[in-house]
Structure formats: structure tokens, C-alpha cells
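Fold and contact review
Listed below, chain by chain, are the residues.
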Amino acid sequence: MDISLASMDDSPTTPLKAFATFLIRHHSDQLRSIAHSPDPKLHYPLFVEFAELMDDDPPLARLLFSRPTDYLRIFDDAAVWAHMIILGDSKGSMNGVKKDFIHVRINVTGSPLEFPETFPSIGSVRVKHHGVLLTLKGTVIRSGTIKMYEGERWYICRKCKHKFPVYPELETRNSIQLPSFCPSQRSKPCEGKSFECLEGSVVRHDYQEIKIQESTQVLGVGSIPRSVLVILKDDLVDLVKAGDDVIVTGVLSAKWSPDLKDVRCDLDPMLIANHVRRTNELKVEVDIPDDIIMKFTQFWSNFKDTPLKGRNAILRGICPQVFGLFTVKLAVALTLIGGVQHVDISGTKVRGTGKSQFLKFAAKLSNRAVITTGLGSTSAGLTVAAVKDGGEWMLEAGALVLADGGLCCIDEVDSMREHDRATIHEAMEQQTISVAKAGLVTTLSTRTIVFGATNPKGHYDPEQPLSVNTTLSGPLLSRFDIVLVLLDTKNPEWDAVVSSHILYESEQEKGKRDNDLSNNWPLTMLRRYIQFVKGYFRPVLTQEAEQIISNYYQLQRRSAMDNAARTTVRMLESLIRLAQAHARLMFRNEVTRLDAITAILCIESSMMTSALVDSVGNALHSNFTENPDEEYAKQETLILDKLKSVDE
């Protein structure tokens with residue numbers, strides 16, 4: 001690196017001067033911070049906004065965009081040169097350390113490079129994008145181990161003693177190609193062909209390969225999500241893990257092997273990254289206008305005297321094409337909204353909270369959702385797998401990891417692989433997956449809501465426990481906050497009501513929908529409401545709610561229930577989460593008696609026999625009532641009377 005600095009001091013090029021001037025003028029604080037760092041062998045990033053560069057020097061910005069391979073290298077040299085100038089000017093006032101490796105990282109946020117032409121989807125990448133500064137957005141589906149590669153070495157011409165760098169080509173698997181003759185630019189060409197490598201001139205870099213895939217949320221029906229290989233170097237390695245959402249800026253190139261003979265050469269596209277930004281924190285954020293929030297506030301103002309009627313108006317918007325199923329729709333709403341995540345002193349996290357139709361509709365309500373079957377779509381299944389790609393072991397994320405921060409809908413839960421059954425316990429309980437495979441040891445986040453659906457094995461036997469009917473183990477079932485059994489029993493009256501509803505829905509589709517929230521909650525409004533209450537409200541339990549939940553828990557501990565695994569601390573945690581979720585659904589920051597009792601009724605619906613109510617009923621035939629507030633008052637009186645026995 002000393003050779004490079006010497007050549008710059010003698011005759012720095014115009015772009016190098018221009019960029020060094022820009023850095024000194026706008027980024028002297030970053031340069032001073034780098035000078036303060038004690039380790040001279042580390043590779044340091046220097047972050048530059050592309051929009052700022054465009055405002056200051058448009059020609060330089062255009063060169064960077066059109067020829068990034070050449071100019072990113074020049075800009076790195078300019079950063080080192082500017083750092084040396086800052087260091088020299090302030091030696092009397094600070095103890096700085098000379099740094100040899102500074103890499104300019106270009107952030108394109110807020111610049112014209114965010115336009116579709118220069119910010120395409122991964123599936124839209126074509127040959128025309130080769131060689132320009134390109135930005136791609138996707139989800140990390142594989143992450144490889146961190147390796148070391150040779151970034152450059154210096155040679156000297158034996159004839160004229162000219163010194164020049166040679167950069168190994170990533171495109172040809174890091175092979176070195178020496179020039180055919182001496183590259184010295186003198187008036188009289190040297191034409192020397194014998195070169196010698198300078199001792200101690202080799203520069204090595206950290207190196208990691210990841211693979212990103214475009215989001216399935218933006219794809220049309222029948223489209224296959226595309227993926228692209230991304231090369232991370234130096235300070236960029238180990239920044240992201242499988243399941244992370246990222247925006248990567250870099251140079252599109254192609255990977256091929258020069259060693260294969262008599263074989264067609266296929267070029268595999270790859271993006272050599274210059275800047276990586278994780279966007280995980282943005283997963284659940286939705287921009288909700290103030291006028292929409294005012295609509296929500298006005299809605300609850302209209303139902304202040306009959307709050308449960310207002311709640312049921314919202315619940316009717318969930319999967320409206322399916323008649324009734326009040327209990328199921330309430331469970332879907334509470335699970336999507338979830339409780340307030342709790343982290344104990346040790347840092348341990350406690351998770352937040354028609355079969356296929358409900359899974360698909362729930363996925364539409366979530367900003368980030370993955371729908372899969374128990375078998376999964378890849379070898380990774382639901383959790384994570386170690387796969388070998390080109391001789392290298394990489395982690396491949398499964399459905400739960402890809403749904404981090406969102407919703408994972410699993411159909412046919414009973415068909416899960418044995419590996420997934422073993423690891424899904426940790427994923428649902430601690431919201432993480434610990435991986436130790438093929439020498440890859442890490443922990444991945446699975447902060448996801450899980451919706452599962454399954455059919456019984458053969459004819460459902462009400463006399464047998466749920467674990468026998470579904471072949472799902474008791475410990476796995478206990479991870480779910482609510483488990484509802486939908487039995488399709490013969491009921492002529494119910495069938496007549498359902499058929500009338502289907503015919504009514506068909507007539508409604510022909511006319512216009514009512515825009516009044518009191519009568520109709522469209523999908524977009526429902527989705528905004530759920531996201532708003534999740535982000536805005538952090539309900540806390542009142543003393544009365546705590547007492548009710550505590551008494552119910554004690555009553556359950558005394559009762560010999562059919563599913564003993566649920567009468568544990570997990571059931572108490574589920575009660576608290578459901579009560580908090582119901583408070584959010586009701587547009588409140590306080591968990592009241594109403595929320596606690598509703599949570600208890602949800603838990604009761606999960607059991608084949610009840611400790612409180614005489615008849616649980618079939619969740620499939622549960623329907624919306626005309627006067628829910630009056631019905632609740634009757635249930636509240638009954639439940640409170642039975643809970644009093646605990647104190648006595």
C-alpha cells in the first residue's frame with residue numbers, strides 16, 4: 001500500500017483529486033474517527049451518500065455510476081489519501097494512526113439510483129445492468145462461511161523497473177492474469193514481458209458469499225422468485241444472516257470457471273457488493289395517514305356504549321366469504337395482533353401471540369407472510385438446513401426464518417419432518433433457531449406468528465385427546481396459544497343459514513360495498529388497523545385483570561383436564577398475551593376485566609371439556625350474536641361466580 005501512496009503523491013489523477021477534495025469537505029469527521037481507531041490492519045468503511053455526491057460534483061457521480069469497477073477503486077485510494085491529509089494537518093492536536101485500508105461505501109437512498117431503471121427486481125436483472133452501479137432488494141436465503149481471498153499484489157518489470165498492481169478476478173474464481181507486456185505509459189513503450197512479484201505486497205481480504213431472493217409479496221400468481229449470488233468483502237462480511245431483508249448496492253458481474261474444457265461456459269450472475277443495508281426493522285411498519293387514524297378513533301367513539309358490537313364489526317371483515325366461525329375469527333385477530341413481547345432479566349424472549357381460507361386470508365393481512373405445508377418447499381423445510389453449493393457449505397433458511405417479523409402459515413402441520421418437529425419447539429418458544437450443522441454454528445431469529453392447520457388421522461374420535469387424533473405431540477400443541485377443533489357435524493338448520501349467507505354474498509358482489517366502517521371493513525382498512533394497534537398500543541394489566549387470570553390459572557391447576565400440558569405456566573403466558581391482544585383490538589392501552597374474561601373464553605374454546613362453562617360448543621358453528629354486549633354480561637357473571645370459589 002505504500003507504493004500506491006507514493007504514486008498518488010507524485011501525480012494524483014483528476015478524479016482522485018476531485019473525490020479526495022469532496023471527502024475532506026464533507027466527511028472530515030468520518031476521516032478523523034478512522035484516524036482515531038488504533039488498529040492499522042483493519043478495513044474501515046467510509047459512508048458516502050450518492051445524492052450528496054450528485055449535488056456536489058455531477059460528472060464525478062456519473063462516472064461512478066457508469067464505471068464503478070474502476071472508480072470505486074480510485075475512490076478507495078482517494079479516501080486513504082484524504083485520510084493522510086487529515087492526519088498530517090492535525091498531528092499536533094491528536095494521536096492518529098495511519099490506515100492503509102479504507103473503503104468508500106455508496107448509499108443510494110434518496111438518490112435517482114432508486115428509480116426502477118437502476119433499482120430493478122432480482123428477476124428483472126438483464127445484461128444491460130452489467131458493469132453499472134446496481135441496487136437490488138431481497139431476502140437472504142443462504143449465507144456462506146467467511147473465507148480469505150487475495151485482493152491485489154504488486155509486480156515490477158525486470159526491464160524498466162516499473163511497478164504496477166494486479167487484481168485477481170473474482171469472475172474467474174480469483175485467478176491472476178498477468179499483462180502480456182509492461183503496462184508503463186511512457187513515451188517509448190517498454191514492451192517487457194518478464195515480471196517479478198514484490199515481496200510483502202499481497203493484500204488479503206475477508207470474503208463471504210450469500211444468496212438473496214426477491215420477496216414473494218411483490219410477485220404475481222404463478223411467478224417463481226429469482227435469486228442472485230452476492231459477494232461480501234472486508235467490513236461487509238457477517239453483517240447479515242439468513243432470513244434478513246437487505247438492500248444491496250454493487251456491481252453486477254458474472255462467475256465462470258476457466259478450468260473446464262470442452263464444456264459450455266455458463267455465466268452465473270453475481271453482485272459484488274459495495275454497500276449493504278438491513279431493513280429488518282422496517283418489516284412491520286406501515287405508513288398510516290392521519291385521516292385513517294381519525295376514522296379508527298371515530299369508529300370507537302360511535303361504539304363507546306357497545307364496545308363488543310364494534311369489535312364484532314371488525315371481526316366480520318376477517319374472511320367475510322366464510323359464514324359465522326366467530327371463535328375462529330376472534331382467534332385469528334388476537335393472534336395477528338399479538339401481546340406485548342416480554343424479555344426477562346436473562347434476555348430470554350417470551351413469544352408474542354375454513355382451514356386453508358383462513359390461512360390465506362391471514363397472510364393477506366400481514367405485511368410479511370410465508371405460506372407452506374408441513375413438508376416445506378425445500379430441504380430447509382420450516383427451520384433451516386445446511387446445503388453444499390459449489391463445494392462450500394451454506395445455511396439455507398426455511399419458512400419460519402423467512403417469515404421473521406411477520407406470519408408463517410403452515411398447512412398440514414402433522415406432515416412436518418422429524419427434524420422440523422424437534423427444532424420448531426425452540427422457534428415458537430424462544431423466537432430463535434440455534435444452528436450447529438456442517439461446522440456452521442449460529443442463531444437465527446424467528447420472531448414470527450405461527451398459524452397451523454391439520455386434518456385428523458382418520459375419523460375424529462371425541463373420546464381421544466387431540467394429540468392422538470392429530471399425531472401431534474402434547475409439547476408441540478402446548479406451544480400454540482389457541483387450538484380450535486372444527487367438527488363438521490350434521491345440522492340442517494346451520495346448513496340452511498350457511499347457504500343463505502353464500503347467496504347473500506353473491507348479491508353483495510354485484511352492488512357497491514358500503515364504505516361505512518360500522519357495516520364493512522375492507523381488507524386494506526383491516527390490515528392498516530391491525531398494523532396500527534400493534535405499533536401504537538402497549539397494554540398493561542390492571543389489578544382486576546391480574547386477579548381474574550390468576551384465579552382461573554389456579555382453578556385449572558386443580559382440575560384434571562384432558563390436556564394436562566396446557567395447565568402449565570405456558571397457559572398462563574397465553575392468557576396474558578391474549579388479554580393484551582384483545583385490549584389492542586379494542587383500541588386500548590389497558591387490559592381490563594373484559595379483556596381477561598375474553599382471553600379465558602378463548603382458552604376454554606381450546607379444550608374439549610371446560611372448567612367454567614357447561615357447554616363449550618363447536619367452534620365451527622359459533623356465530624355472531626345480535627347483542628354481544630348483553631351475551632357477554634351473562635357469561636361474565638357466570639365466570640366470576642365460579643372464580644370466586646378459588647379465593648374461598
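The structure this text deals with has already been given above.
Let me begin by describing the structure that accompanies this report. (Residues numbered from 1 in each chain as written. Predicted model: local features only at pLDDT ≥ 70, side-chain atom pairs only at ≥ 80, totals over all residues. Heavy atoms only, no water.)

Moving on: the pattern of salt bridges. In the structure shown here, the tally under the stated rule is nine salt bridges. Asp244 is the salt-bridge partner of Arg278, the closest N and O atoms lying 3.3 Å from each other. Separated by 34 residues along the polypeptide, Arg278 in strand 10 (residues 268–278) and Asp244 in the loop between strand 8 (227–233) and strand 9 (245–255) bring together distant segments of the chain. With its nearest N and O atoms 2.3 Å apart, the salt bridge here joins Arg588 to Asp595. (Salt bridge = Lys/Arg side-chain N within 4 Å of Asp/Glu carboxyl O. Helix = DSSP H or I, 4+ residues; strand = E, 2+ residues; numbered from the N terminus.)

Turning next to the pairing of strand 4 (residues 147–157). By the criterion of burial, strand 4 is predominantly enclosed, with nine of the 11 residues buried. Relative to strand 5 (residues 163–166), strand 4 runs antiparallel, the two being bridged by four bridges. Bridge pairing in strand 5 places Ile156 opposite Lys163. In this antiparallel pair of consecutive strands, strand 4 and strand 5, the connection spans five residues, and Lys161 shows a positive phi of 65 degrees. As defined by bridge partners, strand 4 adjoins strand 6 (residues 195–197) across three bridges and the pair is classed as antiparallel. The partner of Tyr155 across the bridge, within strand 6, is Cys197. (Buried < 20%, exposed > 50% of the residue type's maximum accessible area, 1.4 Å probe, protein only. Pairing = 2+ DSSP bridges.)

Listing the buried residues of helix 5 (residues 58–66) in full gives Leu60, Ala61 and Leu64. On an axial view of helix 5, the arc spanned by its buried residues comes to 100 degrees, and they lie on one face. (Arc of directions from axis to C-beta.)

As a further point, take the packing of helix 8 (residues 307–315) against helix 9 (residues 326–337). Their axes nearest at 10 Å, the elements helix 8 and helix 9 cross at an angle of 85 degrees. Our classification of the angle between helix 8 and helix 9 gives roughly perpendicular. For the pair helix 8 and helix 9, contact is made by Arg311, Asn312 and Leu315 and by Phe326, Lys329, Leu330 and Ala333, respectively. (Axes fitted to C-alpha atoms, helices over the stretch in contact; angles between N-to-C directions. Parallel < 35°, antiparallel > 145°, perpendicular 65-115°, else oblique. Contact = heavy atoms within 4.5 Å.)

Attention shifts here to the nonpolar core. Formed by 73 residues in total, the largest nonpolar core has its most connected members in Ile318, Phe451, Trp521, Tyr529 and Leu585. With nine residues, helix 9 is the single largest residue contributor to this core. Look past the residues within four positions of Leu585 in its chain and what remains in contact with it is Trp300, Arg311, Ile314, Leu315, Leu330, Ala333, Leu334, Ile337 and Tyr529. Counting 32 residues, the second-largest nonpolar core is a separate cluster that includes Ile141, Leu400, Leu402 and Phe480. (Core = buried A, V, L, I, M, F, W, Y, C linked by side-chain atoms within 4.5 Å.)

Interpretation in functional terms is not warranted from these geometric data alone.
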